[in-house]
Amino acid sequence: MNNDCSVGSTFLTDSLELELKTEWCNPPCFSCAFDNRGGKTFSGESYLASGALKRLLLNLDPLPTNFEEDTVEIFGIEWVTETALVNSSRELFHLFRQQIHNLETLLQVNCDFGKISTLHCKANNIRQQCIIFLHYIKVFIFRCLKIQDAESHIPVHPYEALEAQLPSVLVDELHGLLLYIGHLSELSSINPGAFVNQNQNKLFPPSWHLLHLYLDIHWLVLEILHVLGQKLKQAVYGHQFINLAGDNLTNVSLFEEHCENLLYDLIGLSLYRYDKIRPSEALMSDHCSCSCMKELWVLLIHILDHRRKWSLSESFWNWLNKILKTLFETSSERRPSMPVIKSRDPLGFSWWIITHVASFYQFDRHGVPDKMRQMESNWNFVEELLKRSISVQDGALEEQLRMYLHCCLTLCEFWEPNITVVNILWEYYSKNLNSSFTVSWLPLKGLVNIKSPLSMLEMVKSCWCDKQDHELSKSYSSYTIFLCILTKIVKKATKNSGPHPWKQVKGRIYSKFHQKRMEELTEVGLQNFFSLFLLLTAVAEAEDVASHVLNLLNFLKPAFITSQRALIWKGQMAFLLMYAQKNLDIGVLAEKFSYEFQEKAKEFLVSKKEEMVQRHTLWTLLSIYIDGVQEVFETSYCLYPSHEKLLNDGFSMLLPACRESELRAVLSFLQAVLARIRSVHEQLCQELQKENVDLVVQSSLLAKERHLAAIASALWRHFFSFLKSQRMAEIMPLSQLADAAADFTLLAVDMPGTAPSDLQPQPAISIMQLFGWDDIIWPQVVARYLSHLLQNSTLCEALSQSGYVSFQLSTIRSWIRCVLQMYVKNLYGPDDLFIDTNPEQAVEKDYLEQLAELTRLIFKLSEVKNIFSKAQVECLPIPEDPKKALVQFLEAVGITYRNLQTLSDKSAMVTKSLEYLGEVLKYIKPYLGKRICSAGLQLTYGMMGVLVKSWAQIFATSKAQKLLFRIIDCLLLPHTVLQQEKELPTAMLTAIQKSLPLFLQGMSIVCCQSQNANAYLNQLLGNVIEQYIGRFVPASPHVASLGQHPVLLAMRNSSIVPWISSLKKCIIQVIRKSYFECKGPAPPPRLASILAFVLQFFKETNIDISEVELLLPGILKCLVLISEPQVKRLATENLQYMVKACQVGSEGEPATQLTSVFRQFIQDYGIRYYYQVYSILETVAILNRQVVIPLISTLTQSLKDSELKWGLGKNIEQSTVNENVKNGKTRDHPDITFLCQGRVSLFFSYTITWLPLALC
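Residues numbered from 1 in each chain as written. Predicted model: local features only at pLDDT ≥ 70, side-chain atom pairs only at ≥ 80, totals over all residues. Heavy atoms only, no water.

Draft legend 1. Focus on the overall build of the chain. When helices and strands are tallied, the chain shows 59 helices and six strands. The contacts of the chain with a sequence gap of at least 6 include a subset with a gap of at least 24, amounting to 76%. Accessible area of the chain: about 56400 Å², with a carbon and sulfur share of 51%. (Helix = DSSP H or I, 4+ residues; strand = E, 2+ residues; numbered from the N terminus. Contact = heavy atoms within 4.5 Å. Areas by Shrake-Rupley, 256 points an atom, 1.4 Å probe, with all protein chains shown as cover.)

Below, the structure written as structure tokens:
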């Protein structure tokens, strides 16, 4: 088929089509085998899109480019174009019926993929031949048929005689053809589906071709009869048939009979589809099986309405109405000529088919949808349907009624407004206003789901939306759909005819409400009442309707008002919202409603918190008011003095009575109102700043600003005083407290004059001191509050220019406090302040995110940027970890101070640094209580260690030393540490162990850098080392575990700087004093571990002879006095390491200091512990003989003293030693034997024998 030709000629006139000079264009036909992705409704070959209908109605040549040749091939036979129909009409119609039979025969062949191609080609060929023949009849009548003068008595040619009989023959033959093919509804079940081959071409079975051929025949018969009537201008009588009434058949009667039958067939097919769907899904289900059926409906609409203009026929709607009325008739009432059509739901089907068919009126003669096209209405019949719908015996089913009204609403969109429809429906719903109109198995978005004034208003708004939901009958009640119909009709009627239709509707509605009727209303009825009048307020005179509603509410019984007060408040608030959205003055409604709110707030204040039912009832009402007022402020185009009436003393009474959950709601309301006020103020400022503002406009804007200031003053008066007084109360929701305080601060910047006098003259600064810089406020509040403010560049600029120098310093101090107190849950609660868990889990996620955001904003402050710039340190680009960021900042401050040159700059920096810290010890005090928080202790000790080390030079100044002393006393030397009998908590010991190296390094630097020689500093350092050097040594002396000792780490992690020697000296002095000089019968605890520590200490540091001189006596003392094997072994290792180290340090020369130590050692212990002394010296002599040789004289004197002390008498032990010496050693040393006489000789002999051997 040549689609291009048919599509190209869609909008062409007859003359233009002739200019195409196309040899052959396929005649139009029904076809649903087209691509509809381009939005096309009908095929390009259709009677609409091809322009065939237009040519028919304009009485133009049906096919101007076809049948132009002398002969035409029909049914495979060549015929003379201009005479074939006259000469062979009977034969042609016989061949035509034979072709139909052939096509019907193909239905009997089994259709599968193997045969579909052949069957499709055969069926399509038969169909095209039949269509060509019918189109040929139209063209022949239009071009070739001549009108004969019946009264003429002049002899005529036989052809002319046959030609004169042709119209009657055609009427007979067409009637016979229709009888042959029968009704569409009688066609056996067909499969309209298509097969798709490898080339993506659609191949249709014979049944599809037969159905569409029947559609072509039914329509083309109507076309032929219409063209015949237009040609002859008179009735044509048939000769072979008469109608059932006994009258002769004419072309007009055949046309009307066929139209009626065709409509019956279409309705019957639609009815078959309707019986398979639910009422709630009716409008979503198409009544046409394919686009060809839809096209046939459109063709019938156009041709019947066209013929009605010339009084040739009734309108399409009349035809359809007559047929639909038969559905309601009993079998005895039907005319015998009528086909029998039965429906299980004639009423629903009538609504359904009329609604769908009404939509076809939007298609013009070319099949193109035209939304602006005037649609012919059918209100008279619809009014009858409405009356039937609401007067069904035993009441209408809600599900069906929804579908009926949904159809009616759709018709209201298509047709002109009809007030009668509203009146009919209102008569029904006014009597059933207390019904809920629900369907048990369907959800409902309508009245029963109303939870707030806004939802009530949104439901009403949905009624006047131009775009309706396709599933309206599923989700909305029939009453809500009635409201949609009411809205649609009133809006259309008012637009077309002014206020008169509205006055009619208003009179009908108002007349149904009086005192008795209002007293009869139930809760559901009251909901329906409010919905109705809200809708009327939206579409008509708002003030008149609202005033009438207030008067009607006065008719309600007091008991009913008490029980349904929440619903009444919702309704009243919905009217307020409606006024606000329409930009109307809310003064009258606001004054009455706000007074009721104030009274309920007073009841709420005096109610006891134990009276849960009463409080819940009151809070329900109060929350309705609060939420509604918030919506009023947010939706109002501008804020007027009447808005201030909504913010009365009721809030001052309400706030103190609220619990936490209730406070959240009120503070959320406050934030919304504050944001709206600031937004409106910003708009006013922009308008005032425009150039060339008219004086009248400027005066109006200034008046609006005064109104806004009055509203802002009401907020300060009723809300801020409460926030100020309760900023530390436990019941306050912290996040919303911070948000509200931040909003008030921004309001103070925008409108400072509205703030109360106690905050003047700088209200923004005053609020920041209350909520941002006060150390007694929760850190969660401070972090969130400051984050809000620092994001506001306008505020930061204003504060920077206000002359308040401490803005950034105070903000940094608050940030430091927030970081240090990140694990504190409650500043004022009992000891259970913490949840002792992992550090990542110990902080609330929201607070951690807020703290990270505050840290990011702090690092953008110019003060912080200057610190990093002067320190020449690159700060974190996006600091995500507040703790790491604080460490970096503290280190940068220390570096900045070290880089300063002048004394004045350094003094100023010290002052500023102390302002950064503030009362830092108060910040960390909660962690040092009875309850232990390991994460908090780790944070505290870690940060303070970093502070002491990085700020060591700052702490060396007299201004900062006091803080250092307090930090050391508080963290490292508290009373619990000094009490040796008490064990420190494990978490605290762990925190101290990790941070102690930083403390020790920092304190050492302070000791070296202190401006004043301060013995107390050195004493503190010694005390710290003394307290913790023994606490962190292991119970058993393992070198591996000693490697992580904090004191060793302090030495190991330090570069070679002058203060290292002082720290080292202090450590040695502490060890000597605490472990080697202790007096008493028992050795000090963990002596072996201390000896191992000393050995490791010397191995990791450069040992000095002076240090050996301090520790060696204690080591020797351990060797002499302690018999524990571990102690002896470790003491010996220490002795050997010291002697070797001194030998290396003195470059091989004897160390006189070392000799003096051993000389004193001999003098102290040589007499009593002679054996241990000689063993030790033997070890020393092996390591370094030069140390021992000078000691011979001391040893000699020691022996003499021993002889004198002991007196005469034989010492068996010494004699044994002497004998051993003589037997084993005198051979090599004969010069000594002469001394071996008596006790003195015995000792001296031993000495002289031992020393040379040892020195060798």
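Back to the text.
Draft legend 2. Layout of the confidence of the model for the chain. Residues of the chain with pLDDT of at least 70 account for 85%, and the chain-wide mean is 83. Here residues 194–200 scores under 50 on pLDDT; set against residues more than four positions off or in separate chains, the count is 12 contacts. Note that pLDDT drops below 50 for residues 827–837; the model gives that stretch 35 contacts with residues more than four away or on any other chain. (pLDDT = per-residue confidence, 0-100.)

Draft legend 3. Structural view of helix H31 (residues 734–750). Taking 1.5 Å of rise per residue, the 17 residues of H31 would be expected to cover 24 Å, and the 24 Å separating its terminal C-alpha atoms lies within 8% of that figure. Buried residues dominate H31, accounting for 13 of its 17 residues. (Expected span 1.5 Å × (residues − 1). Buried < 20%, exposed > 50% of the residue type's maximum accessible area, 1.4 Å probe, protein only.)

Draft legend 4. Representation of the packing of aromatic side chains in the model. This structure, assessed with the given rule, holds 60 aromatic pairs. Pairing Phe 859 with Phe 868 gives two aromatic rings, centres 5.4 Å apart and planes at 40°, and the pair type is tilted. Grouped by ring-pair contacts, the aromatic residues Trp 426, Tyr 428, Tyr 429, Phe 437, Tyr 479, Phe 482, Tyr 510, Phe 513, Phe 529, Phe 530, Phe 533 and Phe 575 constitute a single cluster. Seen from the ring of Phe 255, Arg 307 lies directly overhead, with NZ or CZ sitting 3.8 Å from the centre. (Phe/Tyr/Trp six-rings, centres within 6.5 Å; stacked < 30°, edge-to-face > 60°. Lys NZ or Arg CZ within 6 Å of the ring centre and 35° of its normal.)

Draft legend 5. Examining the nonpolar core more closely. Judged by nonpolar contacts, the single largest core of 412 residues is most densely connected at Phe 533 and Phe 1158. When residues in this core are grouped by element, the largest group, 15 residues, is from helix H8 (residues 206–232). Contact partners of Phe 1158, with chain neighbours within four places excluded, come to Leu 1112, Leu 1116, Leu 1135, Val 1139, Ile 1176, Leu 1177, Val 1180, Val 1187 and Leu 1191. (Core = buried A, V, L, I, M, F, W, Y, C linked by side-chain atoms within 4.5 Å.)

Draft legend 6. Looking closely at the pattern of salt bridges. Applying the stated criterion across every chain yields a total of 32 salt bridges. Lys 506 is the partner of Glu 541 in a salt bridge, and the nearest nitrogen-oxygen pair spans 3.7 Å. One end of the pair, Glu 541, is in the loop between helix H21 (523–539) and helix H22 (542–553); the other, Lys 506, is in helix H19 (residues 500–510), with 35 residues separating them in the sequence. Taking the relative accessible area as the measure of exposure, Lys 506 reaches 17% and is therefore buried. (Salt bridge = Lys/Arg side-chain N within 4 Å of Asp/Glu carboxyl O.)

Draft legend 7. Seen up close, the pairing of strand S2 (residues 77–80). Two strands pair when backbone bridges link them, and strand S1 (residues 71–74) and S2 are joined in this way by four bridges, in the antiparallel orientation. Note on S2: the bridge partner recorded for Val 72 is Trp 79. Here S1 folds back onto S2 in antiparallel fashion, the turn holding two residues, of which Phe 75 has a positive phi close to 60°. (Pairing = 2+ DSSP bridges.)

Draft legend 8. Looking closely at the packing of helix H25 (residues 587–606) against helix H26 (residues 612–635). Following both chains from N to C, one finds H25 and H26 inclined at 145°, their axes separated by 10 Å at the closest point. Seen from above, H25 lies across H26 with left-handed handedness. Along the contact surface, H25 presents Phe 593, Ser 594, Phe 597, Lys 600, Ala 601, Glu 603 and Phe 604, while H26 presents Arg 615, Leu 618, Trp 619, Leu 621, Leu 622 and Tyr 625. (Axes fitted to C-alpha atoms, helices over the stretch in contact; angles between N-to-C directions. Left-handed = near helix turned anticlockwise from the far one by under 90°.)

Draft legend 9. Focus on the state of the cysteines. Applying the stated rule across the entire model yields zero disulfides. Of all cysteine sulfurs in the structure, the one in Cys 292 sits closest to Cys 290, which takes part in no disulfide; the separation is 4.1 Å. Overall, Cys 290 belongs to the buried group, its relative accessible area being 17%. Cys 1008 carries a free sulfur, and the closest cysteine sulfur to it, the one in Cys 1007, is 6.7 Å from it. Relative accessible area serves as the criterion here: at 38%, Cys 1008 is assigned to the partly exposed category. (Disulfide = S-S within 2.5 Å.)

Draft legend 10. Quick peek at the side chain of Lys 138. Of note, Lys 138 is situated in helix H6 (residues 116–143). In this structure Lys 138 comes out as buried when scored by relative accessible area, which is 2%. Separated by 2.3 Å, the side chains of Lys 138 and Glu 223 make a polar contact. Excluding residues that lie within four positions of it along the chain, Lys 138 makes contacts with Pro 62, Leu 220, Glu 223, Ile 224 and Val 227. (Polar contact = N/O pair within 3.5 Å; in protein donor to acceptor, adjacent residues only side chain to side chain.)

Draft legend 11. Quick peek at unusual backbone geometry. Omega for the peptide link from Gln 760 to Pro 761 comes to 5°, which places this bond in the cis form. The residue Phe 67 is not glycine, and still its phi comes out positive at about 55°. Topologically, Phe 67 is positioned in the loop between helix H3 (52–57) and S1. Positive phi, close to 55°, is recorded for Arg 1086, a residue that is not glycine. Here Arg 1086 lies in the loop between helix H50 (1059–1076) and helix H51 (1087–1100). For Arg 1086, a relative accessible area of 40% puts it in the partly exposed group.

Draft legend 12. Up close: H25. With 20 residues, H25 extends 29 Å from end C-alpha to end C-alpha; this agrees with the ideal 28 Å at 1.5 Å per step. Taken together, the buried positions of H25 are Gly 587, Leu 589, Ala 590, Phe 593, Ser 594, Glu 596, Phe 597, Lys 600, Ala 601 and Phe 604. Residues of H25 that are buried make contact with H22, helix H24 (565–581), H26, helix H27 (641–644), helix H28 (650–654) and helix H29 (660–689).

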